[in-house]
Amino acid sequence: MKKFLFFLIVLALGAYAGAAYMFGGQAREQYFSALEKYERYGFFSLANQSYERGFFTSTAQTVVELRVPEGLADSNATGAVRFIVSHDLRHGPLTGEGADFFRKPGLMRVVSTVEPLTTDQMSQDLFSRIPELAQATSEVLVGFDGEVAGDVLVPAIDRTIDGEHVAWGGLALQGEYVPLIRSLRGEVTMPSLMVKTGDGTMELEALSSDFDLVEVLPLVYAGQVDVGISAMNFIPAEGDAVRVRNLRISSNSSCDGSLYNYAQVLGVESVNVSGSTYGPASCELAGKNIDAAALSEFQINLQQLYHSMTDTDSEIFFDQVGELYAGLFTKILAGKPELHMPLLQVTTPMGEFTGAFSVKLLSPVADTALNPLLLLQHLEADAKMAAHEELLKGLLRIGLEKEHVEGDLETVVQQRYAEQIEPLLARNLIVREDGSIKTQAMFAKGRLTVNGQDMPLF
């Protein structure tokens with residue numbers, strides 16, 4: 001009986017070793033497949049330096065190269081930053097360690113760390129000046145069906161480099177990709193960032209982002225994205241400081257297979273400039289009936305362009321990008337796209353401003369996008385706004401202060417304001433209501449009306 005149990009144990013271990021070795025082969029295929037797919041993307045490129053395969057684990061090293069844009073490169077530098085990402089690949093079917101040995105089944109678990117490239121002096125200098133870079137890590141679990149889940153952790157950095165002080169609270173990224181349903185979800189957090197130079201100080205506090213997306217067409221994602229920043233401060237060495245509190249951006253998009261729609265909301269609690277506080281402020285934007293296939297084709301072509309060209313600063317590159325955007329614009333206009341801003345609201349110490357607009361393109365004829373005059377015949381738009389009169393006077397006052405006008409400023413403000421507003425009121429192009437100036441404009445079939453009054457276009 002003992003011999004039989006011993007035989008079963010040996011058989012199980014042998015089967016597990018065989019499975020681990022088989023998964024090791026799949027892990028190697030996955031690694032080199034990913035390397036080939038992302039080998040080059042404009043200023044970013046990957047290359048394998050080594051791969052050693054074992055029964056239960058394998059190790060690999062990937063050379064990452066980041067080409068610095070021409071305008072940012074130092075005159076004495078090569079214009080490229082290179083470093084090594086070392087990978088420890090633990091083969092499945094059980095990829096855990098210690099108490100978690102049975103809790104992480106999958107094809108492989110990859111733990112990666114960053115280190116300088118010993119043959120590159122610029123890389124050595126970078127890591128010696130910012131040694132925290134070598135503490136950046138990632139851990140990724142690859143499932144049996146290709147699903148990927150993991151995190152990336154970049155440590156905090158507090159350094160003075162070339163007279164500029166950088167204090168970064170680090171970064172954490174957690175994500176999951178499920179290829180079966182093409183879903184991508186995760187979150188990013190960055191506690192803080194402070195950059196102090198001779199020109200002033202920039203501070204950012206508590207950046208966070210959540211995303212839950214589905215790839216509805218190749219490289220076209222739909223779903224929810226939320227971004228929040230608790231505070232942003234811009235403090236110049238000379239001039240007025242700007243302090244922003246509680247900035248929030250939310251985006252929700254969908255696709256019915258042929259048309260892409262999105263809605264975005266931007267809000268800010270307050271903006272303080274020279275002791276004056278503006279806000280809260282909010283803005284809503286929505287796009288409808290956007291050709292999803294055209295978006296996908298554009299993204300694919302743009303990606304191929306980045307893969308094929310290493311010099312992303314060249315005129316040839318920008319010309320080809322411009323052609324891609326022109327093609328996208330033409331194809332989108334061939335449908336019935338709509339752009340709406342249902343709400344724009346800003347509160348200021350001088351009063352409130354509200355506005356809204358909507359633009360629709362109705363069944364344009366062929367080549368309309370190439371002829372703006374023909375395009376106008378198929379355009380419908382409307383806009384409305386309301387601004388408190390004290391706000392309008394305040395804006396006029398700011399402009400006159402910059403002009404350094406002679407005489408009593410308040411007298412000049414009242415005089416100029418009357419000169420500009422009264423003729424418009426007399427023509428009914430604007431109306432005065434409850435201390436605010438309001439107006440509404442509509443455009444349809446090539447005809448513009450403002451508060452019901454026809455207005456010539458040319």
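It should be emphasised that the depicted structure is a prediction, and the values quoted were computed from it without experimental measurement.

A.B. asks: Got a minute to help me understand the nonpolar core in this structure?
C.D. replies: Nonpolar side chains tend to gather and get buried jointly when the protein is soluble and globular. Judged by nonpolar contacts, the single largest core of 18 residues is most densely connected at Tyr 51, Phe 83, Leu 89 and Met 108. Only helix H1 (2-37), strand S2 (44-53), strand S3 (57-67), strand S4 (80-91) and strand S5 (108-116) provide two or more residues apiece to this core. The greatest single-element share of this core, amounting to four residues, is contributed by S4. Those residues in contact with Met 108 that sit more than four places away from it in its chain are Ala 27, Gln 30, Leu 89, Arg 90, Gly 92, Thr 95, Val 140, Leu 141 and Val 142. Ile 290, Ala 294, Phe 317 and Ile 332 belong to the second-largest nonpolar core, a separate cluster that totals 16 residues.

A.B. asks: Can you walk me through the side chain of Ser 86 in this structure?
C.D. replies: The residue Ser 86 is located in strand S4 in this model. The exposure class assigned to Ser 86 is buried, which follows from its relative accessible area of 14%. A distance of 3.3 Å separates a polar atom in the side chain of Ser 86 from a polar atom in the side chain of Gln 61. Contacts of Ser 86, omitting those with residues within four sequence positions, involve Ala 60, Gln 61, Val 111, Ser 112, Thr 113 and Glu 115.

A.B. asks: Looking at this model, I keep getting lost on unusual backbone geometry. Mind explaining?
C.D. replies: Among all residues except glycine, the phi angle is most often negative; among peptide bonds, the trans geometry is most common. In this structure, Pro 280 follows Gly 279 across a cis peptide bond, with omega equal to 5 degrees. Residue placement: Pro 280 occurs in the loop between strand S16 (276-278) and strand S17 (281-291). Residue Ser 274 is not a glycine yet carries a positive backbone phi of 55 degrees. Structurally, the position occupied by Ser 274 is in the loop between strand S15 (259-273) and S16. A positive phi angle, near 55 degrees, is found at Lys 445, a position not held by glycine. Within the secondary structure, Lys 445 sits in the loop between strand S22 (436-444) and strand S23 (447-450). Overall, the relative accessible area of 73% leaves Lys 445 in the exposed class.

Calculation criteria
Residues numbered from 1 in each chain as written. Predicted model: local features only at pLDDT ≥ 70, side-chain atom pairs only at ≥ 80, totals over all residues. Heavy atoms only, no water. Core = buried A, V, L, I, M, F, W, Y, C linked by side-chain atoms within 4.5 Å. Buried < 20%, exposed > 50% of the residue type's maximum accessible area, 1.4 Å probe, protein only. Helix = DSSP H or I, 4+ residues; strand = E, 2+ residues; numbered from the N terminus. Contact = heavy atoms within 4.5 Å. Polar contact = N/O pair within 3.5 Å; in protein donor to acceptor, adjacent residues only side chain to side chain.

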